[in-house]
Amino acid sequence: MKRVLFVDDEPQELARYRTLFEGMQPEWEIGCAGSGKEALKMMLQQPYDVVVADYSMPEMDGIELLGKVMQRHPQTVRLIVCAPAERDTGLRLAGMAHQDLAKPADEEQLLAAIERTTALRELLNNSKLKSLVSQVTSLPSMPDLYLALLEELQKEDPSIDRVGEIIVRDPAMCAKLLQLVNSAFFGLPQKITNPGEAAMYVGLETIKALVLSLQFFALFERVRMPAMTSAAISPSFDALWAHCWATGLIARKLARFERMEHALVETAFTAGLLHDAGKLVLATGLHVQYQAALRLQKQRPVPLSQIERDILGASHAEVGAYLLALWALPDPLVESLAWHHCPSDSLNFSLSPLTIVHAANVLEQEQRTPKEFLSPLDQDYLRKVGVLERIDDWREAAREAVANG
């Protein structure tokens, strides 16, 4: 049974929601509330998996309501519906909604958003971790810099200069981006100091992926990662970024080696950059438990993801995927995070970004990590996909990607 609560002060909107979901009983249980106060009262009587709130309501608007829902019912997924003119009111800065939908909500978009969030709850079969991801106030909304960049890139004729202006809004990120652009990987003939010029040289898709990844990591710059018991086991913040960056480079190299289409190559690159994002959530949100997992790995040399499941009930892979799914990022990206250690569990045995990121992660670790701590290649999966016989070629391509990056 999936429970969804719609909150709107307009009776016709609530009636439309009821009509939309009538044919889905008994799989869905729909609740309707005409105010935030009524919604909170209903949630005390029974739990809801998803709350969909209208932004503009008298007495208690949607943001205030979702703030109370976050505090009192942290496992509930929070969606908000707002008119275009309301989108510049600091909605995303408030950090209260996991997703915002245009008003009037398109039926297919609304159904897809609700089905997506409820289905993804099965990904994290652990209430404590669901609460953790839902409560991290700096994460639920898509980073604003990425949203601004995405808006510019979606224009018919995006401006390179405008892209540079957006990136410059975050000096730390701008500096990191220019450092990467000037690395040997890009092989540019001269040093680049202007973000707009950098975007022109390396391509807007690459810039978009880098900005998303860098802004995600930037959210944690003020938080200390758990104390390292072994550099081979628990990387520092900078080392974790270096691993993710190298994994992204390898993923792009392997995807191009397999002649995947451009969109999938860029998805693999982005997924490589973000594949360990869940470690940041665990290391900051469950600091004590995560330290215990790291200490246990030192005593019992097995892959960290296995120990995370033993202690926490889920690994960083599921946590990171759940978070990006709440951000409504594309399914291939979310799946690449969710199953990058165990791709066979995806039941998708075709060549995909997941295949590439799984291999890229292991092949990068092979170059610097003791064998006993490695997450193994899923050879049965790679055989079913039809790429196992090329793994030695992939390994060589991985070495080249890291050497040039």
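Residues numbered from 1 in each chain as written. Predicted model: local features only at pLDDT ≥ 70, side-chain atom pairs only at ≥ 80, totals over all residues. Heavy atoms only, no water.

**Student:** I'd love a proper account of the overall build of the protein, names of residues and values included.
**Tutor:** Tallying secondary structure elements over the protein gives 21 helices and five strands in all. Taking all 405 residues of the protein together, the buried fraction comes to 56%. In the protein, the share of contacts with a sequence separation of at least 24, taken over all contacts with a separation of at least 6, comes to 68%. Total accessible area on the protein is roughly 17600 Å²; 50% of this is exposed by carbon and sulfur atoms. (Helix = DSSP H or I, 4+ residues; strand = E, 2+ residues; numbered from the N terminus. Buried < 20%, exposed > 50% of the residue type's maximum accessible area, 1.4 Å probe, protein only. Contact = heavy atoms within 4.5 Å. Areas by Shrake-Rupley, 256 points an atom, 1.4 Å probe, with all protein chains shown as cover.)

**Student:** Describe the packing of helix H13 (residues 262-274) against helix H18 (residues 331-338), with residues and values.
**Tutor:** For the pair H13 and H18, the least separation of the axes is 9 Å and the interaxial angle reads 40°. Between H13 and H18, the interaxial angle falls into the category oblique. H18 is crossed by H13, and the crossing has right-handed handedness. Note on element contacts: H18 touches H13 through Pro332, Leu333, Ser336 and Leu337, opposite Thr267, Thr270, Ala271 and Leu274. Within the contact of H13 with H18, the residues separate by chemical class into five nonpolar, three polar and no charged. (Axes fitted to C-alpha atoms, helices over the stretch in contact; angles between N-to-C directions. Parallel < 35°, antiparallel > 145°, perpendicular 65-115°, else oblique. Left-handed = near helix turned anticlockwise from the far one by under 90°. Nonpolar A, V, L, I, M, F, W, Y, C, P; charged D, E, K, R; others polar.)

**Student:** Hey, could you go over the nonpolar core for me, with residue numbers and the actual values?
**Tutor:** By size, the foremost hydrophobic cluster in this structure holds 26 residues, and its most contacted members are Ile207, Leu210 and Trp245. Of all the secondary structure elements, the ones that give two or more residues to this core are helix H7 (144-153), helix H8 (160-168), helix H9 (171-181), helix H10 (195-202), helix H11 (204-218), helix H12 (237-257) and H13. Look past the residues within four positions of leucine 210 in its chain and what remains in contact with it is Leu177, Leu180, Trp245, Phe269 and Leu273. Ranked by size, the runner-up nonpolar core spans 24 residues in total, among them Val265, Val387, Ala398 and Ala401. (Core = buried A, V, L, I, M, F, W, Y, C linked by side-chain atoms within 4.5 Å.)

**Student:** Which residues make up the sheet that holds strand S2 (residues 28-33), and what values do they have?
**Tutor:** Read across the sheet, five strands follow the order S2-S1-S3-S4-S5 without closing on themselves; strand pairing throughout is parallel. Lying at the two open borders of the sheet, with one neighbouring strand each, are S2 and strand S5 (99-102). Geometrically, the sheet is characterised by an average inter-axis angle of 20° between neighbouring strands, direction not taken into account. Sheet topology places strand S1 (residues 2-7) next to strand S3 (residues 50-54); four bridges connect them, and they run parallel. Each bridged residue has a counterpart across the sheet, and for leucine 5 the counterpart in S3 is valine 51. In the packing of helix H1 (residues 11-21) onto the sheet, the strands contacted are S1, S2 and strand S4 (77-82), and the crossing angle to S2 comes to about 175°. (Pairing = 2+ DSSP bridges.)

**Student:** Describe in detail the pattern of salt bridges, supporting the description with residues and values.
**Tutor:** For the coordinates displayed, the defined rule picks out 17 salt bridges. Its salt-bridge partner being lysine 103, residue aspartate 8 comes within 3.9 Å of it at the nearest N-O pair. Note that aspartate 8 is positioned in the loop between S1 and H1 and lysine 103 in the loop between S5 and helix H5 (107-120), a separation of 95 residues in sequence. With a closest N to O distance of 3.3 Å, arginine 390 and glutamate 389 form a salt bridge. Take arginine 390: its relative accessible area is 25%, and that puts it in the partly exposed class. Connected via shared salt-bridge partners are Asp8, Glu10, Asp54 and Lys103. (Salt bridge = Lys/Arg side-chain N within 4 Å of Asp/Glu carboxyl O.)

**Student:** Break down the packing of helix H19 (residues 353-366) against helix H21 (residues 391-404) for me, citing the residues and quoting the values.
**Tutor:** Packed helices, taken two at a time, are described by their axes: the angle between them and the distance between them. Relative orientation of the contacting elements H19 and H21 amounts to 65°, with a least axis distance of 10 Å. Taken together, the axis directions place H19 and H21 in an arrangement best described as roughly perpendicular. Our pair here, H19 against H21, has a crossing hand that is right-handed. Residues Thr355, Ile356, Ala359, Leu363 and Glu366 of H19 form the contact with H21, whose own contacting residues are Trp394, Arg395 and Ala398. Grouping the constituent residues of the contact of H19 with H21 by class yields five nonpolar, one polar and two charged.

**Student:** Give me the lowdown on the packing of aromatic side chains, citing residues and values where you can.
**Tutor:** Centre-to-centre distance and the angle between the planes together describe a pair of aromatic rings. Under the definition given, this model contains five aromatic pairs. Arranged with centres 5.4 Å apart and planes meeting at 50°, the rings of phenylalanine 6 and phenylalanine 21 form a pair that is tilted. Taken together, the residues span a long stretch of sequence, with phenylalanine 6 in strand S1 and phenylalanine 21 in helix H1 at a distance of 15 residues. Of the residues examined, phenylalanine 6 reaches a relative accessible area of 0% and is grouped as buried. One aromatic cluster is present, formed by Phe6, Tyr17, Phe21 and Trp28 through successive ring pairs. When the ring centre of phenylalanine 269 is taken as reference, the NZ or CZ atom of arginine 252 above it lies at 3.9 Å. (Phe/Tyr/Trp six-rings, centres within 6.5 Å; stacked < 30°, edge-to-face > 60°. Lys NZ or Arg CZ within 6 Å of the ring centre and 35° of its normal.)

**Student:** Quick rundown of the environment of valine 357? Include the residues and the values.
**Tutor:** As for its placement among the helices and strands, valine 357 is situated in helix H19. Counting along the chain gives 89 residues from valine 357 to alanine 268, while the straight-line C-alpha distance between them is 6.3 Å. Among residues more than four places away in sequence, those in contact with valine 357 are Ala268, Ala271, Gly272, His275, Ser336 and His340.

**Student:** So what about the confidence of the model for the protein? Which residues, and what values?
**Tutor:** Counting all residues, the mean pLDDT for the protein is 79, and 79% of those residues have values of 70 or more. Under a pLDDT of 50 for its full length, residues 90-94 has, in the predicted model, 12 contacts with residues more than four places off or in other chains. With pLDDT under 50 throughout, residues 136-141 is counted as low confidence; its partners more than four residues away or in other chains account for 20 contacts. (pLDDT = per-residue confidence, 0-100.)

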